[in-house]
Amino acid sequence: MAYKITDACISCGSCADACPAGAISQGDDHYVIDASACLDCGSCADTCPNDAIMPGE
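Report follows, based on the coordinates. (Residues numbered from 1 in each chain as written. Predicted model: local features only at pLDDT ≥ 70, side-chain atom pairs only at ≥ 80, totals over all residues. Heavy atoms only, no water.)

1. Examining the side chain of His30
Now for step 1: Residue placement: His30 occurs in the loop between β2 (24–26) and β3 (31–33).
Now for step 2: For His30, a relative accessible area of 13% corresponds to the buried category.
Now for step 3: A distance of 3.2 Å separates a polar atom in the side chain of His30 from a polar atom in the side chain of Asp7.
Now for step 4: Ignoring sequence-local partners within four residues, the contact set of His30 consists of Ile5, Thr6, Asp7, Cys9, Ser11 and Ser25. (Helix = DSSP H or I, 4+ residues; strand = E, 2+ residues; numbered from the N terminus. Buried < 20%, exposed > 50% of the residue type's maximum accessible area, 1.4 Å probe, protein only. Polar contact = N/O pair within 3.5 Å; in protein donor to acceptor, adjacent residues only side chain to side chain. Contact = heavy atoms within 4.5 Å.)

Here's what the structure looks like:
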């Protein structure tokens, strides 16, 4: 199950740099994760300074 970035994202870019699959990009309001490319590894969540990334449902 892919991770999801919540509205708590401050668009710092830490998660995009940490993603080994390159599945994270800047969206309209905050960063977003491409669910089809997400490896579900959690690297993004581990590096988020705002705890804005959660496992998907």
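Picking up where we left off.
2. Some remarks on the nonpolar core
Across soluble globular proteins, nonpolar side chains have a tendency to be buried as a group.
Now for step 1: Counting 15 residues, the largest nonpolar core has Ile5, Cys15, Ile24, Ile33, Cys44 and Ile53 as the members making the most contacts within it.
Now for step 2: Elements with a contribution of two residues or more to this core: β1 (3–5) and β3.
Now for step 3: When sequence neighbours within four positions are dropped, the list of residues in contact with Ile53 reads Tyr3, Lys4, Ile5, Cys15, Ile33, Cys44, Ala45 and Cys48. (Core = buried A, V, L, I, M, F, W, Y, C linked by side-chain atoms within 4.5 Å.)

3. Things to note about the state of the cysteines
Such a bond, covalent and formed between the sulfur atoms of two cysteines, is termed a disulfide.
Now for step 1: Inspection of every chain in the model, using the stated rule, returns zero disulfides.
Now for step 2: Left unpaired, Cys38 is separated from the closest cysteine sulfur, that of Cys44, by 6.1 Å.
Now for step 3: Cys41 takes part in no disulfide bond, and the closest cysteine sulfur, belonging to Cys19, lies 6.2 Å away.
Now for step 4: Owing to a relative accessible area of 44%, Cys41 belongs among the partly exposed residues under this scheme. (Disulfide = S-S within 2.5 Å.)

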